[in-house]
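Spelled out from the first residue to the last, the chains are:
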Amino acid sequence: QVHVVESGGGSVQPGGSLALSCQASGNIFNIKAMGWYRQTPGKQRELVALLDRNGSTDFDETVKGRFTISGDDAKNMVYLQMNDLKPEDTAVYYCNVQEMWWGNVNNYWGQGTQVTVSS
């Protein structure tokens, strides 16, 4: 059993900041990457930011320069710092954990946390 637990999120005015945290625990042994996706009603879940265990990162173009991703490998945690938030950042944010297992990638997801940016 793998548990992915998110914390953070909430409501903020445009230009404000929020931070998200995520921890993976349980029977997970070879994490390849951890990151964040987001989803709005009627749309597909999309990548926000991903941190590979080799140190490389991947960001959606719309958040580059505003969001930063960091992690603590020893604790299986990943963090997302969101600055200069915009109304279009409003979404449910999901933590994603990618595990390498016998050459395949297993994806695990958190329950999601709401981020609302509104004046």
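Quick note: structure is the one above.
Residues numbered from 1 in each chain as written. Predicted model: local features only at pLDDT ≥ 70, side-chain atom pairs only at ≥ 80, totals over all residues. Heavy atoms only, no water.

## Digging into the state of the cysteines
Using the following cut-off: The rule for a disulfide is simple: a pair of cysteine sulfur atoms within 2.5 Å. For the purposes of this entry, the term helix denotes a DSSP run of H or I that reaches at least four residues, the term strand denotes a run of E that reaches at least two, and both are numbered from the N terminus. Buried, partly exposed and exposed residues are distinguished by accessible area as a fraction of the type maximum, computed with a 1.4 Å probe on protein chains only: under 20%, between the cut-offs, and over 50%, respectively.
For the coordinates displayed, the defined rule picks out one disulfide. Each disulfide pairs two cysteine sulfurs, and for C22 the partner residue is C95, the sulfurs being separated by 2.0 Å. Of note, the bridge from C22 to C95 carries an S-S torsion of about -85 degrees and is left-handed in sense. Placement of the pair is C22 in strand β3 (residues 18-26) and C95 in strand β9 (residues 91-101), with a sequence separation of 73 residues. Under the relative-accessibility criterion, C95 is labelled buried at 0%.

## Comments concerning the side chain of D89
Note the following rule: Nitrogen and oxygen atoms within 3.5 Å of one another constitute a polar contact, given that in protein one can donate a hydrogen and the other can accept it, and given that sequence-neighbouring residues count only through two side-chain atoms. Contacts were defined at the residue level, with two residues in contact if any of their heavy atoms lie within 4.5 Å.
By secondary structure assignment, the location of D89 is in the loop between β8 (77-82) and β9. In terms of polar contacts, D89 uses its side chain to reach the side chain of R38, at 3.0 Å. In contact with D89, other than residues within four places in its own chain, are R38, V63, R66, F67, D84, V115 and V117.

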